[in-house]
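Breakdown of the fold
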Amino acid sequence: MEINEIFQKVKKVFVDEFEIEENLITKESLIFEELGLDSLDSVDLIVALEKAFNFKIDRANDGPVISQIRSIQDIIKYVNSKQS
Amino acid sequence: MKLQRVVITGIGAISPFGNGVEALFDGVFSNRSGVINLGAIWKESITDILCEVGSAISIDLNEKRIPRDFRRNMGRVSILACLSAEEAVQMAGLSLEHFSSGDYGVAFASTTGSSKSLYEFMGRFIEDKSLSSIKSGQFFQVMSHTAAANIACLLNVKGRVISPNSACSSAAQSIGLAYEAIKYGLQKGMICGGAEELHVTTTGTFDLLQAASCHYNDQPDKTPKPFDKDRDGTVCGEGSGAIILESEDSAKQRGAKILGEIIGFNTFSSGEHMSRVTESDLVAGIERILLETGIALGDIDYINAHGTGTIQGDSEESLALEKVFNAKGYTPYVSSLKGHLGHTLGASAALELIVCLEMMKKGCLVPTKNLENPDPNCGNINYLKEFKAVKPRLIMKDSFAFGGINSILLLRSYENGN
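Remember, it's a predicted structure, so these values are computed and weren't measured experimentally. (Residues numbered from 1 in each chain as written. Chains lettered and ligands numbered in written order. Predicted model: local features only at pLDDT ≥ 70, side-chain atom pairs only at ≥ 80, totals over all residues. Heavy atoms only, no water.)

On the side of chain A, 12 residues touch chain B, which itself brings 12 residues to the contact. Of the roughly 1,100 Å² buried at the junction of chain B and chain A (both faces included), carbon and sulfur atoms supply 44%. A per-residue breakdown of the area chain B buries against chain A is headed by R68(B), R72(B) and S132(B), which together make up 48% of the total. Counting every contact that joins chain B to chain A gives six salt bridges. The residue R68(B) makes a salt bridge to D41(A) at a minimum N-O spacing of 3.0 Å. Here the side of chain B that touches chain A is built from residues that sort into three nonpolar, four polar and five charged. (Contact = heavy atoms within 4.5 Å. Buried area = accessible area lost by both parts, 1.4 Å probe. Salt bridge = Lys/Arg side-chain N within 4 Å of Asp/Glu carboxyl O. Nonpolar A, V, L, I, M, F, W, Y, C, P; charged D, E, K, R; others polar.)

Written out as structure tokens, the structure reads:
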């Protein structure tokens, strides 16, 4: 999957799951500070990404990486790494 | 310590008749039934369920108007609770500043947390044996005090938040505990009441215990039939009733319109059987509240019965009322609203108390819908089978629950403070 396609899917996750207006979401958006997610949303983000990209996130191994995610760009990188 | 008089300044409801207290009043005072046949849907989950009727809310709740970061933690029961609470708060004219002051609290409960959310949560958990697909809000939707906690978060409540989950007596206990908190000066005001969501597992439980109506599946508006010789059990329902209680002093200071007054509360246990309520326990409970409040038998104009339509429960309640009142020559009118609303369980006492307020306002008592022939095995009391043009000044509200938990409230009209 191309980077832009990943971005579009991530954007759809934020629109559908977190009800954020699409035009507010850029690759540079900070998911907590700018898009308003909180610690509970980060749990739901994992569930939503698993569903959108059809992969399983290993809570033990992927946890440290997931906890470092701050931006949409970080999510795109993470999803891309899971694919490869 | 100066004891406070406790008055009602706001009411909110969502019921099988729709959203808002006016929809509730319209349904009850036009003698309609909220009961429908849900067999086709329910049999997808429980193939051998016998009861196919329920009193369900079928309107769109428009729940997206609740901000997402609050809504994600709400199952249906909490959404119903919050919608009714918002209406009551608006009617009372209270602001978020009141609730964040620490002087105003919440007492709200339901039989359980969201049954639908629990069903989904456990189903996924058992199937996957994993936490990976569980969303963050799922537990908050399921926890027993979900209704109270969600109201508190939505309104930024900093006062006390209590959730006496006691099945069908949940709302009565919530109102009673809120009354006591205000009476003793611990809070200036409380949002109180109860909520319930209808789910196949709830009706299934009553079905299993042979307490659910199952002979009127093709005529849902004919059941339940409280106190009738042909009653065959109760009909579970859903809804939420919210009441704002305040000290009379606070209400007057704010210039709030006062709708009525709670003057007594007693909650007491049978202490012996999980599902059987007995005449002698009820007699003792009624006599105690009369003694505590100094209310004379002849002062009670109308009794809003628990009257769910079960064989044993209706009989014991009516026999207790006969013994306390009629055997001594007093004949207060008695009716149950379960024929209109079904048994809304954790919400029932709140929704029914709200209708009682309207009876006081309108000067009209509502009869027991579907009561045609009082059962000779029930007590010899003054059953209301037709609307009655009477303006009750003092109403007794019964509410009894599985677990042997019984509650009684006394509601008095409030006219010029008298």
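The rest of the description comes next.
Residue and element names in this part refer to chain B. If you walk through the whole model with that rule in mind, you get zero disulfides over all chains. Counting only cysteine sulfurs, C356 is the nearest neighbor of C192, a cysteine outside any disulfide, at a range of 14 Å. On the basis of relative accessible area, C192 is assigned to the buried category, the value being 0%. (Disulfide = S-S within 2.5 Å. Buried < 20%, exposed > 50% of the residue type's maximum accessible area, 1.4 Å probe, protein only.)

This part takes up the nonpolar core. Residue and element names in this part refer to chain B. Formed by 44 residues in total, the largest nonpolar core has its most connected members in L24, I175, I243, L245, I262, M359 and L411. Secondary-structure elements contributing two or more residues to this core are β1 (6-15), α1 (21-29), α9 (170-183), β7 (189-196), β8 (239-247), β9 (260-269), α15 (348-362) and β14 (405-412). It is α15 that provides the largest number of residues to this core, a total of 10 residues. Two domains each donate at least three residues to this core, and these are domain 1 (6-254) and domain 2 (265-412). (Core = buried A, V, L, I, M, F, W, Y, C linked by side-chain atoms within 4.5 Å. Helix = DSSP H or I, 4+ residues; strand = E, 2+ residues; numbered from the N terminus. Domains from an automatic or database assignment.)

Moving on, we come to a nonpolar patch on the surface. All names here are of chain B. Residues L118, M122, F125, I126 and L131 make up a contiguous nonpolar surface patch of roughly 430 Å² in combined accessible area. One can find F125 in helix α6 (residues 115-128). For F125, a relative accessible area of 33% translates into the label partly exposed. (Patch = residues over 30% accessible without salt bridge, like charges linked within 9 Å, V, L, I, M, F, W, Y side chains within 5 Å. Areas by Shrake-Rupley, 256 points an atom, 1.4 Å probe, with all protein chains shown as cover.)

Next up on the list: the domain arrangement of chain B. Residue and element names in this part refer to chain B. Looking at the assigned domains, one finds that chain B contains domain 1 (6-254) and domain 2 (265-412). Between domain 1 and domain 2, the C-alpha centre-to-centre distance is 21 Å. In this complex, domain 1 contributes 65 residues to the contact, which on the side of domain 2 involves 60 residues. Counting the surface lost from both domain 1 and domain 2, the interface buries some 4,600 Å², and carbon and sulfur atoms represent 70% of this. Contact with domain 2 buries area across many residues of domain 1, yet F29, F227 and R231 alone supply 20% of it, more than any other trio. Across the salt bridge formed by D375 and R231, the nearest N and O atoms sit 2.8 Å from each other. Elements represented by at least two residues in the side of domain 1 that touches domain 2 include exactly β1, α1, α9, β7, α10 (200-208) and β8. Here the element with the most residues in the side of domain 1 that touches domain 2 is α9; it accounts for nine residues.

Using the criterion set out here, one finds nine aromatic pairs over all chains in the structure. Between F53(A) and F55(A), the ring centres sit 6.1 Å apart and the planes meet at 15°, which makes this aromatic pair stacked. On the accessibility criterion, F55(A) (14% relative accessible area) is buried. Plain terms: the ring middles of F139(B) and F140(B) are 5.9 Å apart, the flat faces sit at 65° to each other, and that makes the pair edge-to-face. Grouping aromatic residues by their ring pairs yields a cluster made of F53(A), F55(A) and Y78(A). Sitting over the face of the ring of F55(A), K82(A) holds its NZ or CZ atom 5.5 Å from the ring centroid. (Phe/Tyr/Trp six-rings, centres within 6.5 Å; stacked < 30°, edge-to-face > 60°. Lys NZ or Arg CZ within 6 Å of the ring centre and 35° of its normal.)

So, on to the packing of helix α1 (residues 3-18) of chain A against helix α2 (residues 39-53) of chain A. Residue and element names in this part refer to chain A. The N-to-C vectors of α1 and α2 enclose an angle of 130°; their axes lie 10 Å apart at closest approach. In terms of orientation, α1 and α2 fall into the oblique class. The hand of the α1/α2 crossing is right-handed. Across the interface between the two elements, I6, K9, V10, V13, F14, E17 and F18 from α1 touch D41, D44, L45, A48, A52 and F53 from α2. (Axes fitted to C-alpha atoms, helices over the stretch in contact; angles between N-to-C directions. Parallel < 35°, antiparallel > 145°, perpendicular 65-115°, else oblique. Left-handed = near helix turned anticlockwise from the far one by under 90°.)

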